[in-house]
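# Residue-level structure breakdown
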Amino acid sequence: MSGSVALPASVPGAARRRRVFADRFWRAVLGLAALSSVAVTAGIVAVLALESAPFFAHVGLGRFLTDTVWTPMFAEPRFGILPLLAGTLVTTAIALSVALPAGTVIAIWLSEYAPPRLREVLKPALELLGAVPTVVYGYFALLVVTPALQRLIPGLPTFNMLSAGLVMGLMIVPYVSSLSEDAMRAVPALLREGAYALGGNKLLTALTVVYPAALSGIGASYVLGIARAVGETMIVAVAAGLQPNLTVDPTEPAATITAFIVQVSLGDLPHGSIGYQSIFAAGAVLFAITLLCNLAGHRLRRRFREAC
Amino acid sequence: MRSLQQTIALRRRQDRVFHVLGALCTAAGVLVFGALLADLLWHGFARIDWAFVTSYPSRIAERAGILAALQGSLAVMVVTAAVAVPLGVAAGVYLEEYAPKNRLTAIIEINIANLAGVPSVIYGLMALGVLVYVFGLGPTVLTAGLTLAALILPVVIVATREALRAIPRSIREASHALGATQWETVRWHLLPYSLGGIATGVILGLSRAIGETAPLVTIGALAYVAFPLPGPIRAEPPFLSFAWLDARFTVLPIQMFNWVSRPDQAFHANAAATGVVLLGLTLGMNAVAILVRSRMRKRIQW
């Protein structure tokens, strides 16, 4: 504790001034560091706005939102975001149809049924699955799940949204179940005991008391799960194909917004070309969707924390 | 009209059915993951040997290796850690120990929560626009490190804040009562005591960064690198060289992405082997983080 020799306030001197200066200096340094996160956000917003502005000026918002073909690299380019949005929506919907039911059932089971010791093992294991790099999930989708699906669905193309969506759902299950379980465990035991006293079994208690009480927390986990599915890149880039395709048929290949950004980045694009600007326009749409999800998720989570 | 006994029996049955259903669901999830990982290990392990780790990529699958990707991943991680750790810890300390409760603080906090949910590919676009073109850094190791540092900044900040929050108030009060300034309290008490929690967060953040593919593809990382990164040491003074910061590079996940995407099946074994290495690194880092956390918890008892 060499630096913190206490000097009485009445003793002025160089040492005291030095310490006060050091205190102010470090306060300023730490404050600047805290602002760095704002700088990152500002950088994201500025880049997306500035780089996509010429694109929107050239294409027009109406054509961007209503044209049904997305071919910005062609000699006669078309700039309709709908095919990319369709790809994103279909893969997200498949992923959610796996992740939300499975994640919820697992969360209820872990929170209300599982023996505590088993839960203590399973929870960290679930969280470990969240650490698997997404490109590894992409490998699973393309080289394990797709061949398996091709045995069930003859004629399924090598690249398809179904396989990518299913693996994406599997990736999101631990995320949803872990956050939902946290929310349900935070529901006071008193409420459960009240339900038991009225003759409820665990299932009725979970469905009619715990789940509604934790609903905003569970909702937050759903919304954040949606944001992850919409923003997931490598699984769809590897397994769903890179061709924009306006379809809702999950057995077809189609590019998502994220896959398009990757596909363009893999080539060599001249800075400032319309193709280069198009990935920022696509990125701006992606950022807007995920920002809405995140804001909704955080609002739900805050409401849950206040209610508990 | 059901009798009471029937109702009780029915509810017991409901409970048993759901208990089994939930257990099956959880087991199914674990089994699917287990099967996928087993498949990866099965295909990957056979391909891993000394030559695979010490060779550059090749057009012939059997001769290709991951040396360039390993060098690239290591170099990028060094930059990421060097930037994200001081910045994230400092920001966390400020928000937890200094920040007044005002609008600016609230904005910074909402901002950090939102940053954590921004898709990683967006960070790549940001880096492409700002670092590659405005700052003119090009698609180099330095750009990649800075990109991933921005990406894991929220993780480090949140971990630092949680570690600080676990320290009892009385420590701060005792330090102030003895005449220490706020900075001296942070420097000599709060930082040393929260080191374990911070280290855990940093390792988890880096384990996420090492597996990131999309943002580095976006800034223009190469998929095929057949030359070594410039070494960090040279013969003449000052003996250190930073030429590697300016070099073009590839990393393990991009190497894996490249090999997965090839139609030639021979490369899929390489992809699996790279996946095993990548998985070993990330899960190993997570295991270390869990270990650090539990050891710290045992050592410090408030």
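Fair warning: this is a prediction, and the values are worked out from it, not measured in the lab.

Rules and cut-offs
Residues numbered from 1 in each chain as written. Chains lettered and ligands numbered in written order. Predicted model: local features only at pLDDT ≥ 70, side-chain atom pairs only at ≥ 80, totals over all residues. Helix = DSSP H or I, 4+ residues; strand = E, 2+ residues; numbered from the N terminus. Rg over C-alpha atoms; globule rule 2.2 N^0.38 Å. Buried ≥ 20, exposed ≤ 12 C-beta atoms within 10 Å, placed from the backbone. Core = buried A, V, L, I, M, F, W, Y, C linked by C-beta atoms within 7 Å. Domains from an automatic or database assignment. Contact = placed C-beta atoms within 7 Å. pLDDT = per-residue confidence, 0-100. Nonpolar A, V, L, I, M, F, W, Y, C, P; charged D, E, K, R; others polar. Axes fitted to C-alpha atoms, helices over the stretch in contact; angles between N-to-C directions. Parallel < 35°, antiparallel > 145°, perpendicular 65-115°, else oblique. Left-handed = near helix turned anticlockwise from the far one by under 90°.

## Quick look at the overall build of chain B
Along chain B, the regular secondary structure elements total 11 helices and zero strands. Over its C-alpha trace chain B gives a radius of gyration of 25 Å, far above what one expects of a compact globule, namely 19 Å for 302 residues. Seen through its principal axes, chain B has C-alpha atoms that stretch 80 × 65 × 35 Å. Considering chain B as a whole, with its 302 residues, one finds that 47% of them fall into the buried category.

## Re the nonpolar core
Residues and elements named next belong to chain A. Membership of the largest hydrophobic core comes to 191 residues, with the highest contact counts inside it found for Tyr139 and Val167. It is helix α3 (residues 82-113) that provides the largest number of residues to this core, a total of 17 residues. Residue contributions to this core reach at least three from each of two domains, namely domain 1 (2-52) and domain 2 (82-307). Setting aside its immediate chain neighbours within four residues, valine 167 contacts Tyr137, Phe140, Ala141, Val145 and Ile235.

## Remarks on the confidence of the model for chain B
All names here are of chain B. Scored by pLDDT, chain B comes out at a mean of 89, with 98% of its residues at no less than 70. For chain B, helix α2 (residues 50-54) is the element with the lowest average pLDDT, namely 86, and helix α3 (residues 67-98) is the one with the highest, namely 95. Here the complex is predicted with pTM 0.90, and the ipTM for its interfaces comes to 0.89.

## Considering the domain arrangement of chain A
Residues and elements named next belong to chain A. For chain A, the assigned domains read domain 1 (2-52) and domain 2 (82-307). Centre-to-centre separation of domain 1 and domain 2, based on C-alpha positions: 39 Å. Contacts between domain 1 and domain 2 engage five residues on the former and six residues on the latter. Its residues assigned to classes, the side of domain 1 that touches domain 2 shows three nonpolar, one polar and one charged.

## Re the packing of helix α10 (residues 252-260) of chain B against helix α11 (residues 266-299) of chain B
Residues and elements named next belong to chain B. The interhelical angle for the contact between α10 and α11, taken along N-to-C directions, is 155 degrees, at an axis separation of 8 Å. Classified by the angle their axes make, α10 and α11 are roughly antiparallel. The way α10 lies across α11 gives a crossing that is left-handed. On α11, the residues touching Leu252, Pro253, Gln255, Met256, Trp259 and Val260 of α10 are Phe267, His268, Asn270, Ala271, Thr274, Gly275, Val277 and Leu278.

## Thoughts on the interface of chain A and chain B
Taken residue by residue, the interface counts 74 residues in chain A and 76 residues in chain B. For the side of chain A that touches chain B, the element with the highest residue contribution is helix α1 (residues 14-59) of chain A, accounting for 21 residues. In terms of residue class, the side of chain A that touches chain B is built from 50 nonpolar, 19 polar and five charged.

## A look at the packing of helix α6 (residues 141-165) of chain B against helix α8 (residues 182-210) of chain B
All names here are of chain B. Relative orientation of the contacting elements α6 and α8 amounts to 150 degrees, with a least axis distance of 8 Å. In terms of axis orientation, α6 runs roughly antiparallel to α8. In the packing of α6 onto α8, the handedness of the crossing is right-handed. Packed against α6, whose contacting residues are Leu148, Leu151, Ile152, Val155, Val156, Ala159, Thr160, Glu162, Ala163 and Leu164, the element α8 presents Leu190, Ser194, Gly197, Ile198, Thr200, Gly201, Val202, Leu204, Gly205, Leu206, Arg208 and Ala209 at the interface. The residue inventory of the contact of α6 with α8, partitioned by class, reads 14 nonpolar, six polar and two charged.

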